[in-house]
Every structure is written in C-alpha cells, then in structure tokens.
Amino acid sequence: MTMLHTVNKSPFERNTLASCLGHAKSGSAILLIEDGVFAAVKGTAHEDTVRGAVADHKVFVLGPDLLARGMRPEQVIEGISVVDYGGFVDLTEQHDKVQAWV
Amino acid sequence: MSEPWEEEGPGTIKKFMYVNRKAPYGTIYALESLEVVLIAAAFEQDVSMAFLDDGVYQLKKGQDTQGIGMKNFSPTYRALEGYDVEKLYVEAESLAERGLSEDDLLVPVEVMGREALAELMDEQDVILSF
Amino acid sequence: MPIEAGGKMYETDEEGYLADLNDWNPDLATAMAKADGADLDENHWEVINFLREYYEEYQIAPAVRVLTKAIGKKLGPDKGNSKYLYELFPYGPAKQACKYAGLPKPTGCV
C-alpha cells in the first residue's frame with residue numbers, strides 16, 4: 001500500500017508535521033499544503049527536521065499556497081518538489097490512500 | 001452632541017494592543033484582526049499592533065494569492081498609517097525562528113526582543129488576541 | 001437589484017454597491033448617480049478616481065476621515081475637508097462616492 005500524507009498546519013503552531021513524520025512509513029509521500037508550506041522554506045528552526053524527512057520520504061509542497069504566503073520556489077529546501085493543483089491530483093491518483101494530518 | 005466615547009474627554013484615552021499570532025489565509029484570524037483595527041481606529045485610542053509567532057508571516061512581502069483564489073489583503077497593512085495606526089511591533093525571536101528579517105516585511109515596523117515586547121504588553125489597558 | 005449602464009446589466013448588492021469591482025466603468029458611475037438624482041462633474045470624478053486609486057493600492061475603501069485627510073494631502077486643504085466633500089456627495093462622501101467608484105462599502109462605515 002502506498003500512502004500520501006498531507007500536512008496543513010504550520011510546524012511552529014502545531015505538532016501536526018512532527019506527528020505525521022513519526023507515523024509516516026519510509027518511502028511514503030508527504031505533501032505540505034496551506035500553513036503547512038512554512039515547513040518547506042529554508043532557514044527556519046525546523047529546517048533540520050524537514051531535511052531529515054526529505055532523506056526518508058518523497059516530500060512535496062503546494063506552489064499556490066507557497067506564493068500566497070510570499071514565499072518563492074527558490075526558497076524551498078532542496079529535494080522538495082513544488083507542485084500545482086494538477087500535481088496534487090496526480091499525487092492522490094498515484095497513491096492508494098491519502099491520510100490528512102490536520 | 002458629543003459621541004459616547006468623547007464624553008469623558010481626551011484624558012480617557014486607553015492603550016489598546018492587538019496581538020497577532022496567526023499566519024494569513026490558513027485561518028481567518030489575521031484578516032479579522034485587521035478589519036477590527038481599521039474599524040476601531042475611528043475611536044481615537046492609543047492603538048498598537050504586535051506581530052509574533054506565525055503572526056509575523058502576515059507582514060511578509062511578495063504575497064500573491066492569485067493561485068488560491070483568496071483576496072490578498074497584505075497591501076492593507078500599508079494603509080494603517082493613514083488610519084493613524086503607526087505602532088507596529090514585531091518580535092525579533094519570531095522572525096529569527098522563521099528565517100525572516102526586517103527586510104522581508106512590507107511595512108516599516110519596530111523589531112523588538114521578547115522581553116521588551118512583554119514589557120510593552122504589560123503597559124496596555126486592553127489586549128485583543130487574534 | 002441590477003443596474004443598467006450602456007445597454008448592459010450589472011449585479012449590485014441590496015444597498016446598490018457593485019457586486020464585482022472589475023465590472024466598473026465610468027458609464028456605470030454615471031448611471032448610479034442618475035439613479036440617486038445626481039449629475040457628476042469634474043469635482044466628483046476627481047474624488048471617484050482618487051478612491052479607485054486608493055483601492056488599487058490598499059485593497060480597501062477608506063473610512064471618511066481617512067479619505068478626507070488623504071484628499072487634503074493630494075488635492076489641497078480646499079478639497080480635503082468634510083464640508084467640500086459632503087457638498088459633492090450629500091449621502092456621505094465615503095458611502096456615496098465609494099458606490100459610484102464601484103468599491104465595497106468602506107470598512108468601519110455604518
């Protein structure tokens with residue numbers, strides 16, 4: 001079974017991302033959306049955690065949510081792929097299940 | 001005829017601080033706070049806004065909401081000066097944790113440390129939390 | 001209640017404010033004024049255009065106090081006072097002028 005995890009909370013405000021990472025199986029996909037996109041940006045206090053996640057999972061971030069919050073794709077940690085809404089749909093199709101961490 | 005808030009004269013001006021701790025768009029708090037500040041500005045009180053924790057993201061330059069179909073209300077922070085809301089405080093620690101600096105912000109602000117901000121909060125008559 | 005201008009119908013809210021700001025055009029402002037029994041001269045247009053620029057920059061319709069001050073700064077004290085603005089827009093400068101400019105009702109305007 002392949003799993004896509006979505007995380008929509010800021011890592012500074014909730015432990016949603018930490019909890020997701022604690023439960024996500026190695027090799028599963030993680031998509032950061034809404035306020036979850038702040039975790040994808042370089043230079044934050046959560047960068048090491050997220051770099052660790054990138055080594056173990058396929059990590060994606062939703063571009064429109066990133067741009068809305070004034071962040072650019074160039075600021076995203078290496079190894080994280082920026083996807084648009086079409087890419088979001090593709091990801092849900094490519095995986096057997098979606099688990100939303102809210 | 002005097003308005004109710006004028007009855008006691010200018011001696012009754014109170015210090016109001018709006019404390020903003022949430023990122024924009026993910027929740028409605030940031031926009032609600034901004035609207036309340038704009039409305040309350042008519043009452044000629046001593047108004048300030050503090051931005052800490054994820055609230056500092058509200059002031060991030062370069063927001064572009066076309067892709068998410070929501071209104072980009074960040075330009076409205078630049079209108080605050082015209083409403084005589086000139087005291088915008090941003091917590092230095094919150095910026096640093098997020099890899100942000102004063103240059104990333106779209107309005108002139110006063111960046112201050114957590115301790116100084118705590119002092120400032122202590123001096124307020126009314127704190128409104130968003 | 002929709003309003004007609006230049007042979008087209010435009011959607012408005014129950015108070016007559018334009019539903020979609022992007023629909024705005026000068027004919028629409030003229031039609032809205034006519035419905036209120038008013039004719040727009042260049043002084044009206046000066047304020048309407050000022051409001052559109054203000055909205056473009058700040059994404060809000062200004063409160064009347066803020067509008068008055070901002071007009072004074074740009075067009076001088078002869079125009080930046082409530083007497084002048086209320087003579088132009090007797091229903092209230094922020095309310096009436098914002099409506100003709102196609103903006104939403106000003107924040108803080110009751």
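Residues numbered from 1 in each chain as written. Chains lettered and ligands numbered in written order. Predicted model: local features only at pLDDT ≥ 70, side-chain atom pairs only at ≥ 80, totals over all residues. Heavy atoms only, no water.

Colleague: Looking at this structure, how should I read the interface of chain C and chain B?
Modeller: Counting from both sides, the interface comprises 14 residues of chain C and, opposite them, 16 residues of chain B. Taken together, both faces of the contact between chain C and chain B bury some 1,100 Å²; the carbon and sulfur share is 52%. On inspection of chain C and its partner chain B, the count reaches three salt bridges. With a shortest N-O distance of 3.0 Å, K69(C) and D84(B) are connected by a salt bridge. (Contact = heavy atoms within 4.5 Å. Buried area = accessible area lost by both parts, 1.4 Å probe. Salt bridge = Lys/Arg side-chain N within 4 Å of Asp/Glu carboxyl O.)

Colleague: What am I meant to see in the arrangement of the chains here?
Modeller: Counting contacts across all two pairs of chains that touch, the top-ranked interface belongs to chains A and B. Across the gap from chain A to chain C, with no contact made, the nearest C-alpha atoms are 16 Å apart.

Colleague: Looking at this structure, I do not really get the pattern of salt bridges. What am I missing?
Modeller: Charged atoms that come close allow side chains of opposite charge to pair. Residue and element names in this part refer to chain A. For the coordinates displayed, the defined rule picks out 22 salt bridges over all chains. For the salt bridge of E78 with K42, the shortest nitrogen-to-oxygen distance reads 3.1 Å. In this pair, E78 sits in the loop between α3 (63–68) and β4 (81–83) while K42 sits in the loop between β2 (29–32) and α2 (47–56), placing the two residues 36 residues apart along the sequence. Taking relative accessible area as the criterion, E78 reaches 46% and is therefore assigned partly exposed. The partly exposed category is assigned to K42, whose relative accessible area is 31%. (Helix = DSSP H or I, 4+ residues; strand = E, 2+ residues; numbered from the N terminus. Buried < 20%, exposed > 50% of the residue type's maximum accessible area, 1.4 Å probe, protein only.)

Colleague: What exactly am I supposed to notice about the pairing of β2(A) here?
Modeller: Where a strand is regular, its side chains alternate between the two sheet faces. All names here are of chain A. Side chains A29 and L31 project from β2 onto one buried face, and the interleaved I30 and L32 project onto a second face that is buried too. With respect to chirality, the unit in which strand β1 (residues 3–7) leads through helix α1 (residues 16–23) into the neighbouring parallel β2 is right-handed. Relative to strand β3 (residues 58–62), β2 is paired through four bridges, and the arrangement is parallel. Each bridged residue has a counterpart across the sheet, and for A29 the counterpart in β3 is K58. In this region the chain leaves β2, passes through α2 and returns to the parallel neighbour β3; the handedness of that crossover is right-handed. (Right-handed = clockwise from strand over helix to strand, strands pointing away. Pairing = 2+ DSSP bridges.)

Colleague: I'm lost on the packing of helix α2 (residues 42–58) of chain C against helix α5 (residues 93–100) of chain C in this one. Help?
Modeller: In helix packing, the relevant descriptors are the interaxial angle and the interaxial distance, both defined with respect to the helix axes. Residue and element names in this part refer to chain C. At a minimum axis distance of 9 Å, the contact between α2 and α5 shows a crossing angle of 80 degrees. As the angle between them shows, α2 and α5 are arranged roughly perpendicular. The segment α2 lies against α5, with V47, I48 and L51 engaging A97, C98 and Y100. Looking at the contact of α2 with α5 residue by residue, the class counts come to six nonpolar, no polar and no charged. (Axes fitted to C-alpha atoms, helices over the stretch in contact; angles between N-to-C directions. Parallel < 35°, antiparallel > 145°, perpendicular 65-115°, else oblique. Nonpolar A, V, L, I, M, F, W, Y, C, P; charged D, E, K, R; others polar.)

Colleague: Explain α2(C) to me, please; I cannot follow it from the model alone.
Modeller: Two residues of an α-helix separated by three or four positions point the same way, owing to the 3.6 residues in each turn. All names here are of chain C. With 17 residues, α2 extends 24 Å from end C-alpha to end C-alpha; this agrees with the ideal 24 Å at 1.5 Å per step. All of the buried residues along α2 are H44, V47, I48, F50, L51, Y54, Y55 and Y58. For α2, the angular spread of the buried residues around the axis is 160 degrees, confining them to a single face. Exposed residues pointing more than 90 degrees away from the buried face of α2 are listed as E42 and E56. Where α2 is buried, its residues contact α3 (64–75), α4 (82–88) and α5. One side-chain oxygen of the residue at the start of α2 lies 2.9 Å from the amide nitrogen of N43, identifying that residue as D41. Of the residues one or two after α2, Q59 is the one with positive phi, at around 65 degrees. (Expected span 1.5 Å × (residues − 1). Arc of directions from axis to C-beta. Polar contact = N/O pair within 3.5 Å; in protein donor to acceptor, adjacent residues only side chain to side chain.)

Colleague: I'm lost on the sheet that holds β1(A) in this one. Help?
Modeller: Neighbouring strands of a sheet are bound in pairs by backbone hydrogen bonds; such pairs are parallel or else antiparallel. Residue and element names in this part refer to chain A. Strand order in the open sheet formed by five strands is β4-β3-β2-β1-β5, with parallel pairing between adjacent strands. Pairing within the sheet leaves two strands with one partner each, and these edge strands are β4 and β5 (97–101). Put simply, the sheet's adjacent strands are angled 25 degrees from each other on average, direction ignored.

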